[in-house]
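What the coordinates show
Take a look at the letters that make up each chain.
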Amino acid sequence: MIGIFGGTFDPVHYGHLKTVLFVQQQLGLQQIRLIPLGQAVHREQPAATASQRLEMLYAATADYPQLVIDDRETKRPGGSYTVDTLSSIKQELPDEALCLIIGSDAFAHFLDWHKPETIMTLAHIIVMQRPDSQPLTNPAIQKLLDQRQITSAEQLKESVAGKILPIQVPQLDISSTGIRDRLQSDLTISHLLPLPVYELITHWKLYKKSSEEPD
């Protein structure tokens, strides 16, 4: 089984890395593919360029062979949709079970995604739940869970797609938004991400307030 974890990674940080490594070990996944967003559809575009975010990812994962960088979304023109990414991977690996790893906040809006029913035919859904995760209140999402939820990693192996497995993950109070905000305020970030990523951010002067910007 292969894990699929998408994000803007603007920048990548320990919250991303430690969480996906935990999931990889808990589920016994062969690898996890980290897929940086190409073109955002329903959010602001990333502050760093695709090539910068890719270079930061490569730097962050150099010591983790089980984390594989997949740049297909940054190469594909137009908006980045999860269903297209999964379809592309499935064409390359038709016999491999894919596990789409998402947070509980994202899962709460899963039925609003582009072609969620098709996504369920392409991959299992791994829902990361942190200690402070809010309970689900959407009846449609609860119905989907009632139909497809499983309780163990072993059950994932019974089919190639279509199951939903919630998994408790460690709470790490780190976010890319928080890192960018700290840099805007000239606060240290070196403890929040790998040193090679910090060095790239410093070299490129990423996320800093423009000298022309008023205080």
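For the structure, see preceding data.
**Looking at the side chain of aspartate 70**
Structurally, aspartate 70 can be placed in the loop between β3 (67-69) and α3 (72-75). Engagement of the side chain of aspartate 70 in a polar contact is seen with the side chain of arginine 33, the distance being 3.1 Å. At 2.9 Å, the side chain of aspartate 70 and the side chain of arginine 72 are in polar contact. Aspartate 70 has contacts with Arg33, Leu34, Ile35, Pro36 and Ile89, leaving out every residue within four places of it along the chain.

**Focus on the packing of helix α2 (residues 50-60) against helix α9 (residues 195-204)**
The contact between α2 and α9 brings their axes to 8 Å, and the two run at 150°. By the criterion of interaxial angle, the relationship of α2 to α9 is roughly antiparallel. Judged by residue contacts, Gln52, Glu55, Met56, Ala59 and Ala60 of α2 engage Pro196, Val197, Leu200, Ile201 and Trp204 from α9. Considering only residue class, the contact of α2 with α9 consists of eight nonpolar, one polar and one charged.

**Topic: the side chain of histidine 16**
Structurally, histidine 16 is set in helix α1 (residues 14-27). With sequence-adjacent residues up to four places away left out, histidine 16 is seen in contact with Phe5, Phe9, Pro11 and Ser176.

Rules and cut-offs
Residues numbered from 1 in each chain as written. Predicted model: local features only at pLDDT ≥ 70, side-chain atom pairs only at ≥ 80, totals over all residues. Heavy atoms only, no water. Helix = DSSP H or I, 4+ residues; strand = E, 2+ residues; numbered from the N terminus. Polar contact = N/O pair within 3.5 Å; in protein donor to acceptor, adjacent residues only side chain to side chain. Contact = heavy atoms within 4.5 Å. Axes fitted to C-alpha atoms, helices over the stretch in contact; angles between N-to-C directions. Parallel < 35°, antiparallel > 145°, perpendicular 65-115°, else oblique. Nonpolar A, V, L, I, M, F, W, Y, C, P; charged D, E, K, R; others polar.

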